[in-house]
Amino acid sequence: MPVYAASDLPETVARTTMDPEIAEWLKTGPVLGGPEPFYKQRRAHDAFIDADKPPIGRIEHLGLRGPHGTVPVRVYHPSKPGPAEGTALVYLHGGGFVVGSLDQFETAMRHLSEGSGAQVYCVDYKLAPEYQWPVQIDENEFVVRWLFEHAAERGIDPARIALGGDSAGGNMTCTISLRLRDTGGPRLALQMPLYPETALPFDTKAGIENRTGAYVDTAGVHQFLWHLLPHEVDYTQPYVTPMNADSHADLPRALLVTCGFDMLRDVGHAYARKLAAAGNDLTYVHHPDLPHGFIQMTAHSRRCLAATEELAGLLGRALRRA
């Protein structure tokens, strides 16, 4: 697992050969951003609901009264102390803003909580096209602020609260981190964007060479934007495209992950370089042999499982008490 600090980031990242177990499973697995209507993609993604789930201490179900109605949150409590004991990760799932459910991400959340010792708060934010931007940003930021306000009663150190997410959730991790900085909001201890959509990938090498066959299709970004954004919204603004922020300085410490077989590889790597250049503390991980979405594929690939367990370990070390 190549792990880099801000001082030694590679100039470019690439793909090698895809892990053979996950390459075989992807032949019949779900496709995100393909030609099927979004409601069929939603059903197909139930393939990520694993019959055999890893252990967890307990699961708690919350319903928070948010800015656009009730926001369901599923909380994972680890069964044993870990380095991140007394901390929390607010997690925003991926799926192009149109796909994804708490059940489809349960295995991954169990791994992150149990492997780090953190409480993990997975947010069931409202999906597009039924709800358009900025509903998703508003709801997820609301949950972050709620957790800071209720940290003491939840047994959480407010100085060690993290925000993370994958793909679309990685995008919102970046944009909410920017928005909290810009509005003088609470200070996150860590942002953890996993294979984030930080900019449109169409003119990148990663977007071209991974245009199909690696779980998510590059052309699907058109579909995601069409469903997510009211047509008058400027998609280049930083709260949609965080790469375009005027400044990336004074942001939380980052743990950023990219994958070789991912249309978002190059824009994620470029965002890591932006964070580093602006003087932020950064841990950057690149998996040249894995596809976008690997944290949901742990039941089908030993390599995906190992990478997810390694991620949980990095999360625990990033949030442990100084």
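For every chain, the first residue of its written sequence is number 1, and the numbers climb from 1 along that sequence. Local features are withheld for residues below a pLDDT of 70 in this predicted model, meaning they are given only at 70 or higher, and side-chain atom pairs are given and counted only at 80 or more; totals for whole chains, interfaces and linings count all residues. With hydrogens and water set aside, each side-chain value is computed from the structure's full complement of heavy atoms.

Details of the overall build of the protein chain
Test applied: By the criteria applied, helices consist of DSSP H or I runs no shorter than four residues and strands consist of E runs no shorter than two, each listed in order from the N terminus. Just to be clear, the radius of gyration here is over C-alpha atoms, and the globule rule we use is 2.2 Å times residues to the power 0.38. For the exposure calls, accessible area comes from a 1.4 Å probe over protein chains only, and a residue counts as buried if that area is under 20% of its type's maximum, exposed if over 50%, partly exposed in between. To measure how exposed things are, a 1.4 Å probe is used in the Shrake-Rupley method; for residues, cover is taken only from the protein chains shown. Positive charges come from Lys and Arg, negative ones from Asp and Glu, while His and the chain ends are left out of the count. Charged side chains are reduced to one point each, which is NZ for Lys, CZ for Arg, CG for Asp and CD for Glu.
The helix and strand inventory of the protein chain stands at 9 helices and 9 strands. Computed over the C-alpha atoms, the radius of gyration of the protein chain is 18 Å, within 12% of the 20 Å expected from 2.2 N^0.38 for a compact globule of 322 residues. Each principal axis of the C-alpha atoms in the protein chain carries an extent, and together these give about 45 × 45 × 45 Å. Counting only residues that meet the buried cut, the protein chain has 60% of its 322 residues in that class. Roughly 12400 Å² of accessible area belongs to the protein chain as shown, and the carbon and sulfur atoms make up 52% of that amount. In the protein chain, the 29 positive side-chain charges and the 38 negative ones have mean positions that sit 3 Å from each other.

A word on unusual backbone geometry
Here the bond from Ala128 into Pro129 is cis, since omega is 5 degrees, no more than 30 degrees from zero. Mapped onto the secondary structure, Pro129 falls in the loop between strand 5 (119-123) and helix 4 (135-149). Residue Pro134 is bonded to the preceding Trp133 through a cis peptide linkage, with omega at 10 degrees. Here Pro134 is to be found in the loop between strand 5 and helix 4.

A few points about the nonpolar core
Spelled out, the test is: Buried Ala, Val, Leu, Ile, Met, Phe, Trp, Tyr and Cys residues that are joined via side-chain atoms within 4.5 Å together make up what is termed a nonpolar core. We call two residues in contact when some of their heavy atoms are within 4.5 Å.
Grouped together as the largest cluster of nonpolar side chains are 101 residues, with contacts concentrated most on Val90, Tyr91, Leu112, Tyr121, Met192, Leu282 and Phe294. Here this core gets 8 residues from one element, more than from any other, and that element is helix 9 (residues 302-319). Once residues within four sequence positions are removed from consideration, Val90 is found in contact with Tyr121, Val123, Val143, Val144, Leu147, Ala162, Leu163 and Gly164.

Quick notes on the pairing of strand 7 (residues 190-194)
To keep it simple, the criterion reads: Whether two strands pair depends on DSSP finding at least two bridges between them. With the strands pointing away from the viewer, any crossover whose connection runs clockwise from the first strand over the helix to the second is right-handed.
The element strand 7 is largely enclosed, with a buried count of 5 among its 5 residues. When strand 6 (residues 161-166) meets strand 7, the two strands line up parallel, connected through 5 bridges. Its bridge partner being in strand 7, Leu163 is matched across the sheet by Gln191. For the segment spanning strand 6, helix 5 (residues 168-182) and strand 7, crossover handedness is right-handed. Where strand 7 meets strand 8 (residues 254-261), 2 bridges bridge the pair, whose relative direction is parallel.

A word on the sheet that holds strand 7
Note the following rule: Orientation is described by axes fitted as lines to C-alpha atoms, over the contacting stretch for helices, and by angles from 0 to 180 degrees between their N-to-C directions.
Judged by pairing direction, the sheet is mixed, and its 9 strands sit side by side in the order 1-9-8-7-6-4-5-3-2 without closing on themselves. Looking at the sheet topology across the chains shown, the edges are occupied by strand 1 (3-5) and strand 2 (58-66). For this sheet, the mean angle separating the axes of adjacent strands, direction not counted, is 20 degrees. Examined bridge by bridge, strand 3 (residues 69-77) and strand 5 share 4 bridges and lie antiparallel to one another. Across the sheet, the residue bridging to Tyr76 is Val120, located in strand 5. In the packing of helix 8 (residues 265-277) onto the sheet, the strands contacted are strand 7, strand 8 and strand 9 (282-291), and the crossing angle to strand 8 comes to about 155 degrees. Running at roughly 175 degrees to strand 9, helix 9 makes contact with strand 4 (88-92), strand 6, strand 7, strand 8 and strand 9 of the sheet.

A short note on the packing of aromatic side chains
Stated precisely, the cut-off is as follows: Stacked, tilted and edge-to-face are the three classes applied to pairs of Phe, Tyr and Trp rings, where Trp contributes its six-membered ring and a pair requires centres within 6.5 Å; stacked means planes under 30 degrees apart, edge-to-face means over 60, and tilted covers the rest. Remark: a charge is flagged as sitting over a ring if the NZ atom of Lys or the CZ atom of Arg is within 6 Å of the ring centre and within 35 degrees of the ring normal.
The full count for this structure, using the stated rule, is 5 aromatic pairs. Seen from their ring centres, Trp25 and Phe48 are 5.7 Å apart, and the 40 degrees between their planes marks the pair as tilted. Residue Trp25 is found in helix 1 (residues 20-26), and its partner Phe48 is found in the loop between helix 2 (38-44) and strand 2; the two are separated by 23 residues along the sequence. Exposure remark for Trp25: the relative accessible area of 16% places this residue in the buried category. On the basis of relative accessibility, which here comes to 1%, the residue Phe48 falls in the buried class. Note on Phe38 and Tyr39: the rings are 6.2 Å apart at their centroids and 80 degrees apart in plane angle, and the pair reads as edge-to-face. Classification of Phe38 as buried rests on a relative accessible area of 18%. Through pairs of rings, three or more aromatic residues link up here, namely Trp25, Phe48 and Tyr215. Residue placement shows Lys126 over the ring face of Tyr131; its charged tip is 5.8 Å from the ring centre.

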